[in-house]
Amino acid sequence: EVYIKQVKKELLLPKKQKQIVLRDLEEMFASAKEHGESEQQVIERLGAPKEFVINTEEQFGVDHASVKKRRGIIHIVSSVIVAVHCVRSDAAGQNS
């Protein structure tokens, strides 16, 4: 269950595709349990959640280089917005 939650958090797919992947994961764990396999054994087969996510996203055609670039741009823009807000707040405080 922790594994699936981590995958859900990291998975960058459209909602329908994400739901399919998560459903399949749940079924995989349930089936393994029915056949006497432990959760740890399933995890060892699938790899770490991050590794599983990367492999799955690649199967769906996600370009990780562009995702990293987009995250970097979002981080920079967010930082600029915060800086502008702080400068405005500081200037408003000095004018009072």
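So, a few notes on the structure that sits alongside this text. (Residues numbered from 1 in each chain as written. Predicted model: local features only at pLDDT ≥ 70, side-chain atom pairs only at ≥ 80, totals over all residues. Heavy atoms only, no water.)

### Here we look at the overall build of the chain
Thought 1: Across its full length, the chain carries 5 helices and 0 strands.
Thought 2: Walking the chain from its N terminus toward its C terminus, one meets helices and strands in the order α-α-α-α-α.
Thought 3: The buried share among the 96 residues of the chain stands at 24%.
Thought 4: Put simply, 57% of the contacts in the chain that link residues at least 6 apart link residues at least 24 apart.
Thought 5: Of the roughly 7400 Å² of accessible surface on the chain, a fraction of 57% belongs to carbon and sulfur atoms. (Helix = DSSP H or I, 4+ residues; strand = E, 2+ residues; numbered from the N terminus. Buried < 20%, exposed > 50% of the residue type's maximum accessible area, 1.4 Å probe, protein only. Contact = heavy atoms within 4.5 Å. Areas by Shrake-Rupley, 256 points an atom, 1.4 Å probe, with all protein chains shown as cover.)

### Examining the nonpolar core
Thought 1: The biggest cluster of nonpolar side chains holds 16 residues, and the ones touching the most others in it are Y3, V7, L11, L25, F29, L46 and F52.
Thought 2: Where this core is concerned, the elements lending two or more residues are α1 (2-10), α2 (15-34), α3 (39-46) and α4 (49-59).
Thought 3: A per-element tally of this core places α2 first, with 5 residues.
Thought 4: Look past the residues within four positions of L25 in its chain and what remains in contact with it is Y3, I4, V7, L46 and F52. (Core = buried A, V, L, I, M, F, W, Y, C linked by side-chain atoms within 4.5 Å.)

### Details of the packing of aromatic side chains
Thought 1: What the rule picks out here adds up to 2 aromatic pairs.
Thought 2: Their ring planes at 55° and their centres at 5.7 Å tell us that Y3 and F29 sit as a pair that is tilted. Here F29 lies in helix α2 and Y3 lies in helix α1, a separation of 26 residues in the sequence.
Thought 3: Assessed through its relative accessible area of 3%, Y3 is described here as buried.
Thought 4: Ring-pair connections join several aromatic residues into one group, and the members of that group are Y3, F29 and F52. (Phe/Tyr/Trp six-rings, centres within 6.5 Å; stacked < 30°, edge-to-face > 60°.)

### Side note on α3
Thought 1: For α3, the set of buried residues is V42, I43 and L46. For α3, the angular spread of the buried residues around the axis is 100°, confining them to a single face. Of the residues in α3, the exposed ones pointing more than 90 degrees away from the buried face are E44 and R45.
Thought 2: Where α3 is buried, its residues meet α1, α2 and α4.
Thought 3: Note on α3: the residue one or two positions beyond its end, G47, has a positive phi of about 90°. (Arc of directions from axis to C-beta.)

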